[in-house]
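Coordinates in review
Listed here are the chains, written in short residue letters.
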Amino acid sequence: MNINKFSPVLIKKIDPKDARKLCSLSVNNNKAGALNVQIREDDYGNGYRFITELKNKCDKLLGKEVFTLIDKVPECTGLNIIVEPEYRNRHYYFGEILRLTSIIEMLENKIKTFEIYSKDSAIFFHSKFKFEPAIKTYNDRDYALNTVINNKSGKYVDFRRRALALLNATQRRPNDKNYQRELCKKTNILLKEYIQRILRKHGEYKHHPFNNGMRMVLTDKNILKNKEFFNELFRKHGIDYQI
């Protein structure tokens, strides 16, 4: 993208007595033209559910994300993120714009963790934006391990062996909750490394899909650690915001 004009990010409090802030911004997209991003309270939110809407100049909805934001609580949850089908995988980068908006929301509201349950098809997308596996349930753990085990590519044989060892270990002490939770943590470490290796090669992730979704988390520490990566994306989209 060649963006010369940077658009400011507007930050407003919901209410003077409320610490929460909502942001809005404009983007000059090289394929879709002038776009607007607005965050508002969801119609069914009960005061803590919000929706980010990405629209064009004709007010057509192009994508959205629904998330929770509770006053003075340093965690939020992404409920879903959707780009309209006609714009997916066509280099509009609407999902990227929505994700950058949620990162601004995190920072402006001092959110420490943004938790999602990613669909299997979106795990690599979220991983690109520094979300990491944070599986807690045994079923999700075992599904993820089986995905790695079933990857027959010779480039990932070391991960297959580690995943198989972990899956076998789950059978040894099935009633020991502390032991099983520790295996979840080890699985998350393995999955993070596995995903990162796949992402190093452009387009490789398309050949190694996950078969089930998983819990993932983005932390404020990981955003700060990768601030240059995010700042470059802000510049790419002409968004006047820096970490």
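Summarised in this report is the structure supplied together with it. (Residues numbered from 1 in each chain as written. Predicted model: local features only at pLDDT ≥ 70, side-chain atom pairs only at ≥ 80, totals over all residues. Heavy atoms only, no water.)

This structure, assessed with the given rule, holds 14 aromatic pairs. Plain terms: the ring middles of Phe-159 and Tyr-194 are 5.5 Å apart, the flat faces sit at 70° to each other, and that makes the pair edge-to-face. Of this pair, Phe-159 sits in helix α4 (residues 157-169) while Tyr-194 sits in helix α5 (residues 177-199), placing them 35 residues apart in sequence. The exposure class of Phe-159 is buried, given its relative accessible area of 3%. Here the aromatic rings of Phe-229 and Phe-230 are separated by 5.1 Å at their centres, their planes lie at 75°, and the arrangement is edge-to-face. Of note, Lys-31 hangs over the ring of Tyr-92, and the distance from its end group to the ring centre comes to 4.4 Å. Just above the ring of Phe-229 sits the side chain of Lys-130; from NZ or CZ to the centre is 4.4 Å. (Phe/Tyr/Trp six-rings, centres within 6.5 Å; stacked < 30°, edge-to-face > 60°. Helix = DSSP H or I, 4+ residues; strand = E, 2+ residues; numbered from the N terminus. Buried < 20%, exposed > 50% of the residue type's maximum accessible area, 1.4 Å probe, protein only. Lys NZ or Arg CZ within 6 Å of the ring centre and 35° of its normal.)

This part takes up the packing of α4 against α5. As a packed pair, α4 and α5 sit with axes 10 Å apart at the nearest point and diverge in direction by 165°. When the interaxial angle is binned, α4 and α5 end up roughly antiparallel. Viewed along their axes, α4 and α5 form a crossing whose handedness is left-handed. Taking contact as the criterion, the partners of Asp-158, Phe-159, Arg-162, Ala-163, Leu-166 and Ala-169 in α4 are, on α5, Tyr-179, Leu-183, Lys-186, Thr-187, Leu-190, Glu-193, Tyr-194 and Arg-197. Taken together, the residues of the contact of α4 with α5 sort by class into 8 nonpolar, 1 polar and 5 charged. (Axes fitted to C-alpha atoms, helices over the stretch in contact; angles between N-to-C directions. Parallel < 35°, antiparallel > 145°, perpendicular 65-115°, else oblique. Left-handed = near helix turned anticlockwise from the far one by under 90°. Contact = heavy atoms within 4.5 Å. Nonpolar A, V, L, I, M, F, W, Y, C, P; charged D, E, K, R; others polar.)

Another aspect to go through is the nonpolar core. Membership of the largest hydrophobic core comes to 59 residues, with the highest contact counts inside it found for Phe-94 and Ile-239. Contact partners of Phe-94, with chain neighbours within four places excluded, come to Asn-29, Ala-32, Leu-35, Leu-54, Leu-62, Val-83 and Tyr-87. (Core = buried A, V, L, I, M, F, W, Y, C linked by side-chain atoms within 4.5 Å.)

On to the pattern of salt bridges, then. Under the definition given, this model contains 19 salt bridges. For Asp-59, the salt bridge is made with Lys-55, and the minimal N-O distance between the two is 3.5 Å. Among the residues examined, Lys-55 registers a relative accessible area of 22% and is labelled partly exposed. (Salt bridge = Lys/Arg side-chain N within 4 Å of Asp/Glu carboxyl O.)

Moving on, we come to the pairing of strand β4 (residues 49-56). Burial analysis of β4 places 6 of its 8 residues in the buried class, the great majority of the element. Taken together, the 7 bridges between strand β3 (residues 33-41) and β4 define a ladder with antiparallel strand orientation. In the sheet register, Ile-39 faces β4, and the bridge partner there is Thr-52. For β4 and strand β5 (residues 61-68), the ladder comprises 7 bridges, and the chain directions are antiparallel. (Pairing = 2+ DSSP bridges.)

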